[in-house]
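These are the residues of each chain, in order.
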Amino acid sequence: MGEMKFWQKDEETMPVAEREVFQLERLQTTVNRAYRKVDFYRKKFDELNIKPDIIGDLSDISKLPFTTKQDLRDNYPYGMFAVPLRDIVRIHSSSGTTGKPTVVGYTASDLKQWNDLVARIMVAGGVSKEDIVHVSFTYGLFTGGFGLHYGAETIGASVIPVSSGNTARQLAIMEDYRSTVLVATPSYALHIAETMDKMGITKDKLNLKIALLGSEPWGDKVRDEIENRLGVQAFDNYGLSELMGPGISGECECKNGLHINEDFFYPEIIDPATLQPLPLGEKGELVLTTLKREGMPLIRYRTRDITRLYRDECACGRTLIKMEKAKGRTDDMLIVNGVNVFPSQVEEALSKVEGVSPHYMIFVRKRGALDEMEIKVEATEAIFFDEMKKQKKLLEDLTYQLAKILQFKPKVNLVMGQTLERFEGKAKRVVDERNI
Ligand code: DLL
């Protein structure tokens, strides 16, 4: 059996206009069901004097109200479900940094679809039934572990549910069981590469050829580093638990944008300030509406993720709309002396300078009445032990690049390699000391 190119070829390569017919039909059904089965939506529609038959064509979606994480919290735990609990066969929840977590329920048919959608993304990255898939995501309430696990199993690959932690053991498993695909966060993939160096394991001792990475933002510098150090092709995949988990979008072999499974999730981009829809191609907040979900239909869910949607003639043959790699969120945005800062901008600036590793931390604190932002970044060993003059030049370059992107001059400090915290799950690179 040769390499698979698609998991559900018809759906993935369908002409756009044809897909729109399905999308409209599914949107109408979803809105009807949400209105009939979920008190929250019925109340909201009634308040706004909207009837579910308002959807005559796809653009009418902009007449519908948004759903937010707060709405899910307010209806904790099961208030957003559109089916009786006896029809729910799986429950996940999001990590929830503040307040109550958000709870997500899946029916048997939701799970089947989830498997297929994750399978699509894995196949798009080149995974086939011949592969041995090493899943380093946490198994549990987080959707990453189970999501990728069942996607891989659906393809027929051999899945190793390693879960997170104990990197030395993970490496032993990878080596002995000859894992060919690594599923992890990009920061953990980098951590694995560093542990290999420490343990003296070279990449040719491993059989890895593909890394499917997601659940946090990452840039091309990190991709290059992971690809070089692990000897893999690395692909981005995106999702969020409220909508399903992983499987919402992922990169194909072209590594140029993530194809959204738009027959299941209708995407829009809005201006987060005015909440108005933006034209195709413009950058703003991604809003998603589930089109086939039974357990918990969500209408116009505000992801808070900043991206851009576009259509191109992708060489892979997929006609599914693309989103740019998600870079920052409307809610992790820092405001430093009135200027908006995304951690991904800092990463972008750092990637333009040779001699630093992709490991950094952002500290924001008060200095008198003003905000001060300090960026600690690990220097490569060679530079760190180099003469002062070179270090000074590096600092200047970093400050220049940062100032160019951020529109102000942050404080920059070089630290020795391996001294900043490493993350096995999601990286947390911002310490905002202003509220403490
Ligand atoms: O992170 C689901 C997931 C698991 C996706 C495994 C991919 C792989 P949550 O924990 O609910 O769900 O976090 C969702 O993480 O709104 C984004 O801000 C961020 N995120 C997820 N994937 C990416 C990505 C899972 N590929 C939140 N690039 C989302 C950038 C991402 N950000």
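Residues numbered from 1 in each chain as written. Predicted model: local features only at pLDDT ≥ 70, side-chain atom pairs only at ≥ 80, totals over all residues. Heavy atoms only, no water.

An unreviewed UniProt entry annotates the protein as Phenylacetate-coenzyme A ligase originating from Seleniivibrio woodruffii. The protein has a UniProt comment under Subunit (unreviewed entry) that states "Monomer." The Sequence similarities (unreviewed entry) comment attached to the protein in UniProt states, word for word, "Belongs to the phenylacetyl-CoA ligase family." (UniProt positions renumbered as here; feature names shortened; annotations may be inferred.)

Draft legend 1. Spatial organisation of the site of the ligand. Close to the ligand lie 19 residues; D236, N237, S241, D305 and R329 are nearest. The contact in question runs from a nitrogen atom of the ligand to an N or O atom on the backbone of N237, over 2.7 Å. In the environment of the ligand, an oxygen atom lies 2.5 Å from a nitrogen or oxygen atom belonging to the side chain of S241. Against a free-state accessible area of 610 Å², the protein chains account for coverage of 94% of the ligand. Of all the elements in the fold, those that place two or more residues in the shell around the ligand are α6 (143–155) and β7 (233–240). Residues belonging to the shell around the ligand are distributed by class as follows: 7 nonpolar, 7 polar and 5 charged. (Near = heavy atom within 4 Å. Polar contact = N/O pair within 3.5 Å; in protein donor to acceptor, adjacent residues only side chain to side chain. Areas by Shrake-Rupley, 256 points an atom, 1.4 Å probe, with all protein chains shown as cover. Helix = DSSP H or I, 4+ residues; strand = E, 2+ residues; numbered from the N terminus. Nonpolar A, V, L, I, M, F, W, Y, C, P; charged D, E, K, R; others polar.)

Draft legend 2. Inspection of the pattern of salt bridges at higher detail. Per the stated rule, a full pass over the model turns up 33 salt bridges. R19 is paired through a salt bridge with E262; the nearest N and O atoms lie 3.1 Å apart. Taken together, the positions of R19 in helix α2 (residues 16–37) and E262 in the loop between β9 (258–260) and β10 (265–270) put the pair 243 residues apart, joining distant regions of the chain. There is no split in this pair, since R19 and E262 are both buried. Residue D236 pairs with K325 through a salt bridge whose shortest N-O separation is 3.0 Å. Taken as a pair, D236 in strand β7 and K325 in the loop between β13 (322–323) and β14 (334–336) lie far apart in primary sequence, 89 residues in all. Under the relative-accessibility criterion, K325 is labelled buried at 12%. (Salt bridge = Lys/Arg side-chain N within 4 Å of Asp/Glu carboxyl O. Buried < 20%, exposed > 50% of the residue type's maximum accessible area, 1.4 Å probe, protein only.)

Draft legend 3. Representation of the sheet that holds strand β17 (residues 370–379) in the model. Strand order in the open sheet made by the 4 strands is β18-β17-β16-β19, with mixed pairing throughout. Of all the strands in the sheet, the pair left with one neighbour each is β18 (411–415) and β19 (430–432). Neighbour-to-neighbour, the strand axes of this sheet turn through a mean angle of 20°, independent of strand direction. Bridge count between strand β16 (residues 356–367) and β19: 3 bridges; the pairing is parallel. Of the residues in β19, the one forming a bridge with F363 is V431. (Pairing = 2+ DSSP bridges. Axes fitted to C-alpha atoms, helices over the stretch in contact; angles between N-to-C directions.)

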